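# Structure assessment
Chain by chain, the residues:
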Amino acid sequence: MTEATLDKLKILAAAAKYDVSCSSSGTVRRSDGNGVGNTVGGVGICHSFAADGRCISLLKVMLTNYCMLDCAYCVNRRSNDIPRATLSVSEVVDITMEFYRRNYIEGLFLSSGVVRNPDYTMERLVRIAKDLREVHRFNGYIHLKSIPGASRELINEAGRYADRMSVNIEIPTEERLKYLAPEKNHESIFLPMKYVRQGVLENKEDKRHLRHVPRFVPAGQSTQMIVGASDDTDRDILRASSMLYGMPTMRRVYYSGYVSVNDYDPRLPAMKQPPLVRENRLYQADWLMRFYQFKAEEIADADNPNLDLDVDPKLGWALRHPEVFPVDVNRAPYEMLLRVPGVGVRSATLIVNARKFRQLTSWHLKKIGVVLKRAQYFITCGELTARTVADTSPEYVRSRLVPKSRATKDNPLQMTFDFNS
Amino acid sequence: MVYYRFDGTFDGLLTAVFQAFERHETPDRLLAPDGIVPLFYDVLHEVETDGEKARRVWLKLGKTLSRASLSGLTTAFLTDNPEFPDMAFRYICRAVTSDGSIENDFSDPAVLSVLKECRRVRGEAHRLLQFVRFQKAADGTYFAMVEPLFDVLPMAVSHFCDRFNDQRFILYDRARDYGYYYDGEEVRRMSIDTDSSYMNTGRLTDEMMDADERLFQRLWRTYFKATAIQQRMNPRKQRQDMPERYWKYLTEMNGCD
Ligand code: SF4
């Protein structure tokens, strides 16, 4: 480990940074008292936040940024003339261990460009994970990328060491994927996903009648789609997500606003700024699908294939469906409360509990954390006299809630990710 | 108006509840030891903490509250919110006199307050898991300094013993001037009594550091910078998720390479 390692790390961290997944969630592994590390409570720990506001939980790095493929949207494509580097197996292992022991990270997220052939590359990723687990007795988190085209045997071996595995679909529709990444197709992406899925299911089956079954990708799979590199609509994207979440082991779909890295390529749109507002709206939509019982179809229907950038998708849905409001907070089922703009999962739960004790008024709702400024147009609670969306019109409510000069429009960088309404 | 004043301890709080029943009073407010005494009052009762009385209230509480709520209450009690003792007092009084369970009555400000303060304190304990940074000393011990808002080191230390079970470390709360030393087997509370510079900066001096420590710090800082995307800079979000009060002891926010 020397000065040269420093330079390599710089190149290979920068090469990996467009992969947005950082999560270290989904596994509980207490330390076994023999080796170092644990993963806690099934939720990851964010150890730091970079200047772009993104969480740093794992050492996210590429083994090499040499690549024989030429995907249009990727900074590491073979036709780019950029500094290239390769870390050795022991360098990755040492940096991971040393960072981990200092509490900088939860573990490693390792990907790689494709060199020589998929199996050659995959094998080296597996070597690193194996070394960490077996030589260094590392119990922290390991997320490995599946290299498209890698053999089933190698994916299966990787799965014994990794907590999570992923392969990015990047472009939601196959036709556009082939256009931008001619050497890839959906099969090359879905096949490794399928191997992992089958591995997990077989592993589950084994656990039913065998005592000592090794772990197999306990934190499941994730994937990512790039937003704005192709002309796919939000509806295309959300339908793809919904299909992905339908897979038994898919835990997270990430959305990555396309950062214009190859503006010379005519297949790509010219963009000054990554589409951050759109990306944020997609995360909100994703959140609605995972925690608010919304379906992709409801969020972006055929008439509105793209999300409204001015309002969050939940408010957007409410404005398109004035007929279901107002909702009576003292009576409505939990699922309906979740649909009220300004009411989050947390406040809906508190409401359902509290209303057993007494009739709730707007005073209680405010204390509980309901954002009345929004919710007032969509609820009744005995004494509340505000004019709801049913008494007025969606246009009126919209004009009250979306000021003309909306901050998010002026400065997308001020948007936050937190979504509780 | 009837005021009670207690010594700020949890047992003191429980004793105050006991005495309110003993004296058939409903105090208007429970004052903390340094709380300002209002100008006009009918009664100002100084609660004298009594372990036995406290124990009896605690036992009674244990019959009406779930374990989760009990631990929520003691956790919330670590908050620095000066209004909280009074809220906790009301919460306990209501809990011990109600027939059913009150812990889910979120229309009661006292119940909400316990929930909210508990969340704040747990949040601070979680930030320790996030933002503690160890430095390796020449003798192999890992050293980290922190200054959490509340006294949450005891809530976090077991996590570190579990995670770094083969690694000797010191985790030190500078604000309260105590820490834990884990020797690879057992953990014990200790304090360090020295004026050495590392106790003020939280940073080991060059002589104290392990030979490779500086290199790994530089690698970490290099990584930290390289992983940020220039086109997405968002320092506001960075500050929001990583409050500035933690920066002092963060390896990645200090030192230049
Ligand atoms: S295979 Fe991966 S690293 Fe290589 S060009 Fe395509 S996206 Fe980039």
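Look up: the structure comes first, before these words.
Sequence order sets the numbering: in each chain, residues are counted from 1 along the sequence as written. All chains are assigned letters beginning with A, and all ligands numbers beginning with 1, in the order in which they are written. Local features in this predicted model are restricted to residues of pLDDT 70 or higher, and side-chain atom pairs are both shown and tallied only at a pLDDT of 80 or more, whereas totals for entire chains, interfaces and linings draw on every residue. Processing note: side-chain calculations cover all non-hydrogen atoms of the structure and skip hydrogens and water entirely.

### Focus on the overall build of chain B
Secondary structure is summarised from DSSP: a helix means a run of H or I of at least four residues, a strand means a run of E of at least two, and numbering begins at the N terminus for each. From N to C terminus, chain B includes 9 helices and 8 strands. For 257 residues, the compact-globule formula gives about 18 Å, and the C-alpha radius of gyration of chain B, at 23 Å, lies well above that figure. Reported as C-alpha extents along the three principal axes, the dimensions of chain B are approximately 65 × 45 × 40 Å. Relative to its 257 residues, chain B shows a buried fraction of 52%. Whether two residues are in contact is decided by their heavy atoms, any of which lying within 4.5 Å being enough. For chain B, long-range pairs separated by at least 24 residues make up 68% of all intrachain contacts whose partners lie at least 6 apart in sequence. Of the roughly 12,100 Å² of accessible surface on chain B, 50% is carried by carbon and sulfur atoms. Side-chain charges of chain B comprise 35 positive and 41 negative groups, with the mean position of each set lying 6 Å from the other. The globule rule used here is 2.2 Å times the number of residues to the 0.38 power, and the radius of gyration it is set against is calculated over C-alpha atoms. The classification of residues rests on relative accessible area computed with a 1.4 Å probe and restricted to protein chains. Under 20% of the type maximum is buried, over 50% is exposed, and intermediate values are partly exposed. Where accessible areas are quoted, they stem from the Shrake-Rupley method and a 1.4 Å probe; at the residue level, only the protein chains shown are allowed to cover. In this tally, Asp and Glu contribute negative charge and Lys and Arg positive charge; neither His nor the terminal groups of the chain are included. By convention, charge coordinates are those of NZ in Lys, CZ in Arg, CG in Asp, or CD in Glu.

### What about helix α7 (residues 234-245) of chain A?
Residues and elements named next belong to chain A. Helix span, as expected, comes to 1.5 Å for every residue beyond the first. Under the 1.5 Å per step criterion, the end-to-end length of α7 is 16 Å for 12 residues, consistent within 8% with the ideal 16 Å. Among all positions in α7, only Asp 234, Arg 235, Ile 237, Leu 238, Ala 240, Ser 241, Leu 244 and Tyr 245 are buried. Next to the buried residues of α7 lie α6 (186-209), β7 (221-227), β8 (250-257), α8 (276-291) and α9 (296-299).

### Notes on the nonpolar core
Nonpolar side chains tend toward joint burial in soluble globular proteins. Buried Ala, Val, Leu, Ile, Met, Phe, Trp, Tyr and Cys residues form a nonpolar core when they are joined through side-chain atoms within 4.5 Å. Ranked by size, the top nonpolar core spans 187 residues in total, and within it Tyr 73, Phe 99, Met 122, Leu 238 and Phe 378 of chain A together with Ile 92 of chain B carry the most contacts. Per-element accounting of this core gives the leading share, 9 residues, to helix α5 (residues 109-131) of chain B. Once you skip the residues sitting within four places of it in the chain, Phe 99 of chain A turns out to touch Leu 9, Leu 59, Tyr 104 and Ile 105 of chain A together with Phe 216, Leu 219, Trp 220 and Tyr 223 of chain B.

### Digging into the pairing of β8 of chain A
Buried residues dominate β8 of chain A, accounting for 7 of its 8 residues. Handedness of the β-α-β unit built from β7 of chain A, α7 of chain A and β8 of chain A comes out right-handed. Look down the strands so they point away from you; if the path from the first strand over the helix to the second goes clockwise, the crossover is right-handed.

### A word on helix α10 (residues 313-320) of chain A
Residues and elements named next belong to chain A. The element α10 is extensively covered by neighbouring structure, given that 7 of its 8 residues are classed as buried. If you check which residues of α10 are buried, you get Pro 313, Lys 314, Leu 315, Gly 316, Trp 317, Ala 318 and Leu 319. Looking at the packing, one finds that the buried side of α10 touches α8, α9, α14 (372-375) and α15 (394-401). Here a polar contact means two N or O atoms within 3.5 Å. Within protein one must be a hydrogen donor candidate and the other an acceptor candidate, and residues neighboring in sequence count only if both atoms are side-chain atoms. Where α10 begins, the capping side chain belongs to Asp 312, and its oxygen is found 2.9 Å from the backbone nitrogen of Lys 314.

### Considerations on the pattern of salt bridges
Put simply, a salt bridge is a Lys or Arg side-chain nitrogen that is within 4 Å of an Asp or Glu carboxyl oxygen. Across all of its chains, the model carries 48 salt bridges over all chains by this definition. A salt bridge links Asp 80 of chain B to Arg 120 of chain B; its shortest N-O distance comes to 3.4 Å. In this pair, Asp 80 of chain B is assigned in the loop between α3 (67-76) and α4 (84-97) and Arg 120 of chain B in helix α5, connecting sequence segments 40 residues apart. Owing to a relative accessible area of 46%, Asp 80 of chain B belongs among the partly exposed residues under this scheme. Here Glu 252 of chain B ties to Arg 133 of chain B by a salt bridge, and the two come within 2.8 Å at their closest N and O atoms. In this pair, Glu 252 of chain B sits in the segment after α9 (235-241) while Arg 133 of chain B sits in the loop between α5 and β4 (135-136), placing the two residues 119 residues apart along the sequence. The same class applies to Glu 252 of chain B and to Arg 133 of chain B, which are both buried. Salt bridges sharing common partners tie together Asp 70, Arg 77, Asp 265 and Arg 267 of chain A.

### What to know about the interface of chain B and chain A
If you look at the interface, chain B gives 57 residues, while chain A gives 67 residues. Put simply, buried area is the surface a 1.4 Å probe can reach on two separate parts but cannot reach once they are joined, added for both. Together chain B and chain A conceal approximately 5,700 Å² of surface at their shared face, both sides included; 57% is due to carbon and sulfur atoms. The largest share of the area that chain B buries against chain A comes from Arg 163, Tyr 223 and Arg 232 of chain B, three residues that together contribute 15% of it. One salt bridge connects Arg 232 of chain B with Glu 279 of chain A, and the closest N-O pair in it is separated by 2.7 Å.

### A word on the sheet that holds strand β1 (residues 2-5) of chain B
Residues and elements named next belong to chain B. Strand pairing is assigned whenever DSSP detects at least two bridges linking the two strands. Strand order in the open sheet made by the 3 strands is β2-β1-β3, with parallel pairing throughout. Two strands lie at the open edges of the sheet, namely β2 (29-31) and β3 (43-46), each paired on one side alone. Adjacent strand axes in the sheet meet at a mean angle of 25 degrees, parallel and antiparallel pairs treated alike. Summarising the sheet, β1 and β2 pair through 3 bridges and their orientation is parallel. Among the inter-strand pairings, Tyr 4 is bridged to a residue of β2, identified as Leu 30. Helix α1 (residues 10-22) contacts β1, β2 and β3 of the sheet and is inclined by roughly 145 degrees relative to β1. Axis definition: a line fitted to C-alpha atoms, limited for helices to the stretch in contact. Angles are taken between N-to-C directions and run from 0 to 180 degrees.

### Quick look at the packing of aromatic side chains
Between rings of Phe, Tyr and Trp, where Trp is taken as its six-membered ring, a pair exists when centres lie within 6.5 Å; planes separated by under 30 degrees are stacked, by over 60 edge-to-face, and by other angles tilted. Inspection of the entire model under this criterion finds 23 aromatic pairs over all chains. Between Trp 317 of chain A and Phe 325 of chain A the ring centres are 6.3 Å apart and the planes differ by 80 degrees, which places this aromatic pair in the edge-to-face class. Comparing Trp 317 of chain A with Phe 325 of chain A, the two get one shared label, buried. Centroid distance Phe 10 of chain B to Phe 77 of chain B: 5.1 Å. Interplanar angle 75 degrees. Geometry classified as edge-to-face. Pair noted here: Phe 10 of chain B is in helix α1 and Phe 77 of chain B is in the loop between α3 and α4, with a separation of 67 residues, a long-range link. No difference in accessibility class separates Phe 10 of chain B from Phe 77 of chain B, as the two residues are buried. Through a chain of ring-to-ring contacts, three or more aromatic side chains come together here, namely Tyr 100 and Phe 138 of chain A together with Phe 134, Tyr 142, Phe 160, Phe 164, Phe 169 and Tyr 182 of chain B. For Arg 252 of chain A, the ring lying beneath its charged end belongs to Tyr 254 of chain A, and the centroid distance is 4.6 Å. A ring is considered to have a charge above it if a Lys NZ or an Arg CZ atom is located within 6 Å of its centre and within 35 degrees of its normal. We note Arg 387 of chain A situated over the ring of Tyr 396 of chain A; from NZ or CZ to the ring centre the distance is 5.8 Å.

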